[in-house]
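Chain by chain, the residues run as shown.
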Amino acid sequence: MQVFKFGGASVKDASGVKNLVSVLQARGYKKTLIVVSAMAKTTNALEVVVKNYFNNEKEIQSSLQEVKIYHNNILLDLFTSENHPVFETVRTLFEELNGILKANKSPDYNFVYDQVIGFGELISTKIISEYLNDVGVKNNWVDVRTQIKTDNYHRHAKVNWEKTQSLITSQLNTSVLNITQGFLGSDSNNFTTTLGREGSDYTAAIYAYCLNAESVTIWKDVPGLLNADPRYFENAQLLNKISYREAIELAFYGASVIHPKTLQPLQRKEIPLYVKSFLNPEDQGTCIGKDVTLDPMIPCLIVKRNQVLIALSSLDFSYIVEDNISEIFNLLHVYKMKVDMIQNSAISFSVCIDNLYDNLEPLIQELKAKFKVTYHENVSLYTIRHYNDHAIKHIENGKTVLLKQLTHETVQVVTK
């Protein structure tokens, strides 16, 4: 088995879908599973629908209509007749989505988010599956929610590996080309769950692990894994080879090319991961594997924006010791804060967090009951692996440095 993952940028329009076919034909698709994301910015557009559902009911249908029009234009470009069954299939999916919005009784934003957002992947894979069949690439469409089972931690669900392994092994016909959705799963009550933004990479790894796949290839709009995000850093360079460990480090610190959870299941079974360009599929891209030395050995730069830096100190100048730190981390867990950096001294503790669930205000109020608290919102956290003086000066230039931490291989800098 080989597993291919195509992101939203690779199928953003009819030309992208046709290019996906070309990649499959060039690389071969026997015993292949392809995992596909929602098309282009569909996830962002559906997030607007969810926000309107809670805050601006009058705009729900207009925001949903934009999503319909976008997909309908792609359908018209791909299929010669509006009588093609795929038009009815997509209409039915939108009707199902509309029904969920009308019938939902839950006030839980995260639950509603998961029930709505997954339609992007369901629609994209239905369109692509039908187009593949039309051009002679016969395939089997799979609803990933029937095979990847999770808990009900909405928007960041954890995989039930035992159930998932059993379902994939028993249900998937590995002798044919299969197409399924990234990012999604379902809980024990069959409600849709999601694995976190950019979770389609993780989906590909889950299937690869359960199928003992030969390899996973992530098709991107970049030539491979770069040492920096070209949107934020100039002169980004291609990394030809990188080890699982190094890639996991980069993913943990926020490298956007790979999902933080993707590499662990692949490493356990030593399944190589390739990151390649869907624009130039014959190029070598990046290989991530076991016991591989970083090639070339250069600084790798990562930035996470819109972070919150919280600085705590004791009210009576007593030491910040184990029980204090334990209490702090318990509160961070309760309020679902992702910790990206910590630093402590005798009487102070600083933490840089990602306020994903918008729980900052109640967290600060609880912390103020026991600590002196100062905090900065909208800060940027820079991480450099294999740093040198030039790289550090480059990210600090023209910025106010709020916090800095160096270890043997890594430097992290919080700036305003």
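In this report, the structure presented in the accompanying data block is examined.

Digging into the layout of surface pockets
Of the voids in this model, the second largest pocket is the one considered here, and its volume is about 260 Å³. Along the wall of the second largest pocket there are 14 residues; nearest its centre are Asn227, Glu234, Leu301, His390 and His394. At three residues, the largest contribution of residues to the lining of the second largest pocket is made by helix α13 (residues 389-396).

Quick notes on the side chain of Thr203
With respect to the secondary-structure elements, Thr203 resides in helix α8 (residues 200-211). What Thr203 contacts, discounting residues up to four positions off in sequence, is Val35, Val144, Ile148, Gln181, Gly182, Phe183, Leu184 and Leu195.

As for the sheet that holds strand β10 (residues 286-289)
Hydrogen bonds between backbone groups are what pair the strands of a sheet, and the pairing can be parallel or antiparallel. The eight strands are arranged β3-β4-β2-β1-β7-β9-β10-β8 in an open sheet whose pairing can be described as mixed. One side of each edge strand has no neighbouring strand; the edge strands of this open sheet are β3 (140-141) and β8 (241-243). Direction of pairing for β3 relative to strand β4 (residues 178-181): parallel, over a ladder of two bridges. Paired with Asn140 across the strands is Asn178, a residue of β4.

A closer look at α13
Those residues of α13 lying buried are Ala391, Ile392 and Ile395. Axial view of α13: buried residues confined to an arc of 100°, hence all on one face. Across from the buried face of α13, at angles greater than 90 degrees, the exposed residues are Asp389, His390 and Lys393. At its buried positions, α13 is contacted by β11 (300-314), β14 (371-385), β15 (401-406) and β16 (410-415). Gly398 sits one or two residues past α13 and shows a positive phi near 80°.

A word on the sheet that holds β15
Strand order across the open sheet formed by six strands is β12-β13-β11-β14-β16-β15, with antiparallel pairing between neighbours. The open sheet is flanked by β12 (338-344) and β15, the only strands paired with a single partner. With direction set aside, neighbouring strand axes in the sheet form an average angle of 30°. As paired elements, β11 and β14 share twelve bridges and run antiparallel to each other. Following the sheet pairing, Leu309 is matched in β14 by His376. With respect to the sheet, helix α11 (residues 322-334) is in contact with β11, β12, β13 (348-354) and β14, its orientation differing from that of β13 by roughly 15°. Contacting β11, β13 and β14, helix α12 (residues 360-368) crosses the sheet at an angle of about 125° to β14.

Focus on unusual backbone geometry
The omega torsion of the bond from Asp295 to Pro296 falls at 0°, within 30 degrees of zero and hence cis. Even without glycine at this site, Asn212 takes up a positive phi of about 50°. By the element assignment, Asn212 lies in the loop between α8 and β7 (215-220). Residue Asn212 is classed as exposed on the basis of its relative accessible area of 52%.

The rules we used
Residues numbered from 1 in each chain as written. Predicted model: local features only at pLDDT ≥ 70, side-chain atom pairs only at ≥ 80, totals over all residues. Heavy atoms only, no water. 1 Å grid on protein atoms, 1.4 Å probe; cavity = no way out; pocket = protein on both sides within 12 Å on 5 of 7 lines; lining within 4 Å. Points joined across faces, edges and corners; volume = space filled by probe spheres on them. Helix = DSSP H or I, 4+ residues; strand = E, 2+ residues; numbered from the N terminus. Contact = heavy atoms within 4.5 Å. Pairing = 2+ DSSP bridges. Buried < 20%, exposed > 50% of the residue type's maximum accessible area, 1.4 Å probe, protein only. Arc of directions from axis to C-beta. Axes fitted to C-alpha atoms, helices over the stretch in contact; angles between N-to-C directions.

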